[in-house]
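This is what each chain is made of:
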Amino acid sequence: MHAVIYHNPSCGTSRNTLALIRHAGIEPVVIEYLRDPPTRERLVELIAAAGLDIRDALRRKGTPYDALGLDDPALSDAQLLDAMLAEPILINRPFVQTALGTRLCRPSEVVLDILPPVSRPFTKEDGEVVIDASGRRVRE
C-alpha cells in the first residue's frame, strides 16, 4: 500500500504515527512539511479529504497562532491558509494519506483507520500500548 505522511520529526505524535505505518509493513513517502511545505492546493486537498475545516487543521501550541491573532472569527479560510503557508508550523500534523483515506492523525493511532489490519503488538515511544499482545487495538 502506498502512504504519504506530512511529518515533523521533532513531534512525538508524528514519530509515533510514522512508526505505526512502518509497523504495518509500509514504507511511506515522508514529507518533512516544515522544510518542504505543501502547496496551497495540496493543503486544501488534504484538509478536505480528512473531513476538516481549515480551523481544525491549524496548530496552536508552540506556534505564532496567538501572536498572529488567528483566533479572530472574522478571518476567512483564505487568510488562514495564507498564514499556514507563510508559517508551516501552523499546519497541524501529521497528515497521512493512503488508499483507504486521509486523516489528521492526532492521536497517532488514528492512522490505524487508514492502514491494513495490524495485529502485532505496538507501544508508543512514551510506553502507551496501542495494540496489545493479543493483537487488539487498545482504546481509552
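Per chain, residues are indexed from 1 in the order of the written sequence. The predicted origin of the model limits local features to residues at a pLDDT of at least 70 and limits the giving and counting of side-chain atom pairs to 80 or more, whereas totals for whole chains, interfaces and linings rest on all residues. Only heavy atoms go into the side-chain values, all of them from the structure, while hydrogens and water stay out.

Draft legend 1. Just the pattern of salt bridges, in detail. By definition here, a salt bridge exists when the distance from a side-chain nitrogen of Lys or Arg to a carboxyl oxygen of Asp or Glu is within 4 Å. Under the defined criterion, the tally for this structure stands at nine salt bridges. Residue glutamate 32 pairs with arginine 35 through a salt bridge whose shortest N-O separation is 3.5 Å. The buried label applies to any residue whose accessible area, calculated with a 1.4 Å probe on protein chains only, is under 20% of its type's maximum; exposed applies above 50%, and partly exposed to all values in between. Accessibility expressed as a relative area gives 27% for glutamate 32, which makes it partly exposed. On the accessibility criterion, arginine 35 (67% relative accessible area) is exposed. Among the salt bridges present, the one from lysine 124 reaches glutamate 109, with a minimum N-O distance of 2.8 Å. Of this pair, lysine 124 sits in the loop between β5 (122–123) and β6 (129–131) while glutamate 109 sits in the loop between β4 (101–104) and β5, and the two are 15 residues apart along the sequence. Accessibility assignment for this pair places lysine 124 and glutamate 109 in one class, buried. By sharing partners, the salt bridges in this structure join Glu109, Lys124 and Glu128 into a single network. A helix here means a DSSP run of H or I that spans at least four residues, while a strand means a run of E at least two residues long, and both kinds are numbered starting from the N terminus.

Draft legend 2. Seen up close, the packing of helix α2 (residues 40–49) against helix α3 (residues 77–86). Orientation is described by axes fitted as lines to C-alpha atoms, over the contacting stretch for helices, and by angles from 0 to 180 degrees between their N-to-C directions. At a minimum axis distance of 11 Å, the contact between α2 and α3 shows a crossing angle of 115 degrees. In terms of their interaxial angle, α2 and α3 are classed as roughly perpendicular. Between α2 and α3 lies a crossing whose hand is right-handed. Here Arg40, Leu43, Val44 and Ile47 of α2 lie close against α3, whose contacting residues are Ala78, Leu81, Asp82, Met84 and Leu85. Of the residues assigned to the contact of α2 with α3, the class counts are seven nonpolar, no polar and two charged. Oblique is the label for any angle not under 35 degrees, not over 145, and not in the 65 to 115 range, which are roughly parallel, roughly antiparallel and roughly perpendicular in turn. What makes a crossing left-handed is the near helix being turned counterclockwise from the far one by less than a right angle; a clockwise turn instead makes it right-handed. Contacts: residue pairs with any heavy atoms within 4.5 Å of one another. Classes in brief: Ala, Val, Leu, Ile, Met, Phe, Trp, Tyr, Cys and Pro nonpolar; Asp, Glu, Lys and Arg charged; the others, Gly included, polar.

Draft legend 3. Expanded view of the sheet that holds strand β1 (residues 3–7). The pairing criterion for strands is at least two bridges between them, as found by DSSP. Spatially, four strands are ordered β2-β1-β3-β4 in an open sheet, and the strand pairing comes out mixed. Every other strand in the sheet has two partners, leaving β2 (29–32) and β4 as the edge strands with one partner each. Adjacent strand axes in the sheet meet at a mean angle of 15 degrees, parallel and antiparallel pairs treated alike. Bridge analysis of β1 against strand β3 (residues 95–98) gives four bridges, and the strand direction is antiparallel. Across the sheet, the residue bridging to valine 4 is glutamine 97, located in β3. Against the sheet, helix α1 (residues 12–23) engages β1, β2 and β3, with an angle of about 165 degrees to β1. α2 rests against β1, β3 and β4 of the sheet, and its axis sits at about 80 degrees to β3.

These figures capture arrangement, not role.
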